[in-house]
Amino acid sequence: MNRTPRLAVAATASTLTLALALTGCGRSDEAGTTTADSADSISEGPASGAVEVWAMGTEGELLPELAEQFEADNPDVTVNVTPVPWESSTEKINTAIATGEVPDVMQVGTTLMSGFVGLDGLAPTPEDIDSDAFFPGAWETTEVDGTSYGVPWYVESRVLYYRTDLAEDAGVEAPEDWAGLTDFAAGLQDAGADNGIALQTRGNSTALMYFPFYWQAGGEILDDAGEFTLDNEAQVKALDYYSSFMRDGLAPPVLVEDEKVQNFIDGKLGSFVSGPWERANLLTTAGDDFADKFGVVPLPADETTASFIGGSNLAVLADAENPDSAWKFVQFATDPAAQVDWFEISSDLPAVQSSWEDPALADDDAVAVYQGVLETARSTPAIPTWSEIEHELDLIIEQTIAGDLTPEEAAAKMQEAATSIGTGLD
Amino acid sequence: MAVSARRRRTGLAAWGFALPFTLLFAVFMLVPVASSLYMAFTDMQGKDLRTPWAVNFVGFDNFAAVLADPKFQQAAGNTLYFVGVAMPLTLGIALLLAVLLNSGLTWFRSVFRVGFYAPVVTSIVAVAVVWRFLLQPDFGLVNSGLGLFGIEGPRWLTDEVWAMPSLIMMATWRNVGYSMVILLAGLQGIPKDLYEASAIDGAGAVRQFRSITVPLLRPTILFCAVITGIGYLQFFEEPFVMTQGGPLGATNSVAYEIFNQFGFGNYGLSAAMSYVLFVAIVILSYLQFRLLRTEK
C-alpha cells in the first residue's frame, strides 16, 4: 500500500484549506460561485496507474469482474475495488472526504449525491460525457445546483407487482389510471386476497414510495426558482388518494414489510409496489414456478405518468489521486456495451438508453417493462438537506395515513418543514 | 539536600510514567469532549467538516432550539417512559432471579446463569431478527400463542401504544442477565453465619431478606441501578434496529435523535442534544446515589 503519497496529498489539501481560511476565503465567501466549472475534458490515450474504487453491497462484490475488461483494454492500469457495506457507507465516505483519504472513484446512491457535493467531496463531470445518452431522470440525479458531479451507472424504478391468477379470477385488467388502480385492488380483494394492494405506510423511505403519486397528480417538489412547492392541490389530492387505500381497507393500515412477500406468495396480498430486485426475491422465496403467477406493470397515471428513479451513479472524488484514469474508468463503465455486460453480471438495469436495445434486455419481458417507466421516472431533488427533509416527510405521510392529519394540514406541514430546513444551497 | 533531590527525581520518574497515559487521555478523551462542547455552541454543519474554524459561535441558541423542538420533547418523553418502566422492571427481575439462583438448587444454577446471561452477550442484530420474528403480527410466535387462547394479539411494533412496551420487553430480556450476575455475586458475598444467627433468633425468610439481604446488598444494587440507568438513558439500539423510532415517533429516543441529527449534518444541534442527555444522566445518577447510598 502506498500510504505516503496519500497522506502527503491529505496534508497538502488540509494545509491549503487552512491557508485559504486564514486569508479569509472561508465558506461564506463562496456564495454565488457554487456553479463550479466542469473539468474540461478527459485526456486521450489509455489509462494508467492505480484506480481505487469503492462500491457498495452486491456491486462491490461483482465490480472486479467488469474491471477486468478495463484492465485488459488498458494494460498499465490496476483497478482496486473495495466493497463497502451500504449501512456504513455514508459515515465512511463522510470521514474519507473530511480527511482527504479518498478513493478515486466511488459508487454513490442517487439520493446521496447532494450530501457529498455539499461537503465539496465530488469533482464536476467532464464535458466529454454525453448527458443525452442517459435516462433524463437518471442524469438529473447527478446535478446539484446546475452542475453535474457524476455519471449514472445503473437505475431502478418502482412498478406494480400483481397476482395474475387473482386478476383473472376477478376479471380485472391491469390498471392504467388512479380510478383503475382502486378498482383493481378491490377486484383482487374480491377474488380472495385479504388486501388488494400494499403501500408503505411508515418508516424510512415512505416519502419515496409516495412521491410518484404526487408527481402523477402534477405536483413538483421545487419550482423553477428552486423554492419548495409542496402545499398545493396536487399534494392534497395525492395524499388523499394514497391514504384512501388504507382508509378503505384495500391496503393494510400499517404495512409490516417483513410479511409482504410471504403474503403475496400465499395469495393474501393481491399487489404491491416495488423495484426490480423484488422479482429475484419472489422467485428465490417461492421457487421459479411462481413466475407465471405474477405480472409487472407500470404505476398508473393521473395527470401524467411518473415513477421514482433510483440507482447509483459513479463519481470521481475531488481529492482523487489519479483523476484522469478515474474518469476513464467511469467512461468505460457507462459506455453502452459495458452497461449490457454489467446487466449480465449483476442484473442492474443500464442507465444508458441505447443499451436497452440489446436483445439481452429487449427480449426479456420482465425487464422491458422498466424501459418505458424509466423514461418518465423522476428523482427527488438533489439538495444537500434532502435526507433531513425526507425524514420529516416520512413522518407527515405516516400521520396522514393514520388519520392524525388531514391531507390539507399535511400539505401545509410539508411545506413548513421543508422551508424551515431549507435547500442547503447558498 | 539529598532528600529533596531524590524527591525531585521520583517526581520526574512519576511524571515520566504518567506521561504516555496522560497524553493518550488528552488526545482521545479531553480533546473530543472539549471540541464537542465547543461544537454545541456553534452552528457547525456537515459542510464545515473540512473548515471547522469557519463556524459561527451562537451561544445557547442550539440548546434553546433543542428544548423547544417538539420532536426532541417527544424523544425525551419516550426516553423517560422507557427508563421509568424498564429500569425497575430489569432490576426487580434481576434481583428475583439472583435470589432464586442463590437459594440452594446448585445443580441448575449454572445452567440458568448461562441462560439468562446469554442475551447480554448476543449481538443486538441477531436479537432483533429473533424478536421481529416473534412479534410479527400475522406469523409471529407471540400472536400465534395468544391466538390459542382466543386473544387477538396487537400489531406489536407498528402500533403506537404497543411499540414502546415491545421494546421495553426486549430490552429487559436483554439486560436482566447482567444485573443478575452482579447481584448474585453480591449475594454470595453475604456471610452465611448472619442468616444462621438470625434463624436462631427466629427470623423467617421474609425478615431475613428485608433485614440482612437488602441492606448488605445495597452497594451492589446501587451499582446495578446506576449502570442500568446510564445505559437506559442512552436507549438507542432497540429503536434503531426494530422500529426506526416509529410508529409516529412513539419509540424515538434522545440518543436516536442525536444519531439522526448527526446523520443530517446538524453537528451543532446534535452536540447540544448530547449535552442535554449528559446532564440528565448526571442528575439521574446523583438521585440514585442519594436514594441508595448506605447510611453510615
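Computed from a predicted structure; not experimentally measured. (Residues numbered from 1 in each chain as written. Chains lettered and ligands numbered in written order. Predicted model: local features only at pLDDT ≥ 70, side-chain atom pairs only at ≥ 80, totals over all residues. Heavy atoms only, no water.)

## Structural notes on the domain arrangement of chain A
Residue and element names in this part refer to chain A. By the assigned domains, chain A splits into domain 1 (5–25 + 45–157 + 309–376) and domain 2 (159–305 + 383–421). Each partner contributes residues to the interface: domain 1 has eleven residues there, and domain 2 has 13 residues. A buried area of about 990 Å², summed over both sides, lies between domain 1 and domain 2, and 70% of it is on carbon and sulfur atoms. Contact with domain 2 buries surface across domain 1, with Ser114, Val369 and Tyr370 losing the most and accounting together for 37% of the total. Across the contact surface, domain 1 and domain 2 share two residue pairs in polar contact (both at pLDDT 80 or more). Of all elements in the fold, only helix 4 (113–118), strand 6 (151–157) and helix 15 (365–376) reach the threshold of two or more residues within the side of domain 1 that touches domain 2. Tallied by class, residues from the side of domain 1 that touches domain 2 come to five nonpolar, five polar and one charged. (Domains from an automatic or database assignment. Contact = heavy atoms within 4.5 Å. Buried area = accessible area lost by both parts, 1.4 Å probe. Polar contact = N/O pair within 3.5 Å; in protein donor to acceptor, adjacent residues only side chain to side chain. Helix = DSSP H or I, 4+ residues; strand = E, 2+ residues; numbered from the N terminus. Nonpolar A, V, L, I, M, F, W, Y, C, P; charged D, E, K, R; others polar.)

## Observations regarding the pattern of salt bridges
Scanning the model with the defined rule gives twelve salt bridges over all chains in all. For Glu237(B), the salt bridge goes to Arg174(B), with nearest N and O atoms at 2.6 Å. Placement of the pair is Glu237(B) in helix 10 (residues 237–243) and Arg174(B) in helix 7 (residues 163–188), with a sequence separation of 63 residues. Owing to a relative accessible area of 9%, Arg174(B) belongs among the buried residues under this scheme. The network of salt bridges with shared partners includes Asp240(A), Arg247(A) and Asp248(A). (Salt bridge = Lys/Arg side-chain N within 4 Å of Asp/Glu carboxyl O. Buried < 20%, exposed > 50% of the residue type's maximum accessible area, 1.4 Å probe, protein only.)

## Observations regarding the nonpolar core
Within the largest apolar cluster, 81 residues are counted, with the highest numbers of intra-cluster contacts made by Leu63(A), Val105(A), Leu122(A), Tyr161(A), Leu282(A) and Phe329(A). A per-element tally of this core places helix 12 (residues 323–333) of chain A first, with six residues. Inspection of this core shows a minimum of three residues originating in each of domain 1 (5–25 + 45–157 + 309–376) and domain 2 (159–305 + 383–421) of chain A. Among the nonpolar cores identified, the runner-up in size contains 57 residues, and Phe41(B), Leu135(B), Trp156(B) and Tyr232(B) belong to it. (Core = buried A, V, L, I, M, F, W, Y, C linked by side-chain atoms within 4.5 Å.)

## With respect to a negative patch on the surface
The grouping of Glu173(A), Glu176(A), Asp177(A) and Asp183(A) at the surface amounts to a negative patch. Mapped onto the elements, Asp183(A) comes out in helix 7 (residues 178–190). (Patch = residues over 30% accessible without salt bridge, like charges linked within 9 Å, V, L, I, M, F, W, Y side chains within 5 Å. Areas by Shrake-Rupley, 256 points an atom, 1.4 Å probe, with all protein chains shown as cover. Lys, Arg positive; Asp, Glu negative; His and termini not counted. Charge placed at Lys NZ, Arg CZ, Asp CG, Glu CD.)

## Looking at the layout of surface pockets
Residue and element names in this part refer to chain A. When its volume is computed, the second largest pocket comes out at roughly 460 Å³. Along the wall of the second largest pocket there are 20 residues; nearest its centre are Glu140, Leu222, Thr380, Pro381 and Ala382. Residues of the lining of the second largest pocket, tallied by class, amount to eight nonpolar, five polar and seven charged. Shared between two domains, the lining of the second largest pocket takes at least three residues from each, and those domains are domain 1 (5–25 + 45–157 + 309–376) and domain 2 (159–305 + 383–421). (1 Å grid on protein atoms, 1.4 Å probe; cavity = no way out; pocket = protein on both sides within 12 Å on 5 of 7 lines; lining within 4 Å. Points joined across faces, edges and corners; volume = space filled by probe spheres on them.)

## Points about the sheet that holds strand 2 (residues 77–84) of chain A
Residue and element names in this part refer to chain A. Taken in spatial order, the six strands make up an open sheet running 2-1-3-10-6-11, and their pairing is mixed. In the strand order of this sheet, the two ends are held by strand 2 and strand 11 (349–350), each with one partner. Inspection of the sheet shows strand 3 (residues 105–109) paired to strand 10 (residues 309–316) by five bridges, in the antiparallel sense. Bridging across to strand 10, valine 108 finds its partner in asparagine 313. Here helix 3 (residues 86–99) sits on the sheet in contact with strand 1 (49–56), strand 2, strand 3, strand 6 and strand 10, set at roughly 135° to strand 1. Relative to the sheet, helix 15 contacts strand 6, strand 10 and strand 11, its axis offset from that of strand 6 by approximately 110°. (Pairing = 2+ DSSP bridges. Axes fitted to C-alpha atoms, helices over the stretch in contact; angles between N-to-C directions.)

## Concerning the sheet that holds strand 7 (residues 159–163) of chain A
Residues and elements named next belong to chain A. As summarised here, the arrangement of the three strands in space is 8-7-9, forming an open sheet in which the pairing is antiparallel. This sheet does not close on itself; its edge strands, each paired only once, are strand 8 (271–274) and strand 9 (294–297). Going from strand to strand, the sheet's axes swing by 25° on average, the running direction of each strand aside. Relative to strand 9, strand 7 runs antiparallel, the two sharing four bridges. Across the sheet, tyrosine 162 pairs through a bridge with glycine 295, a residue of strand 9. Against the sheet, helix 10 (residues 257–265) contacts strand 7, strand 8 and strand 9, and its axis sits at roughly 135° relative to strand 8.

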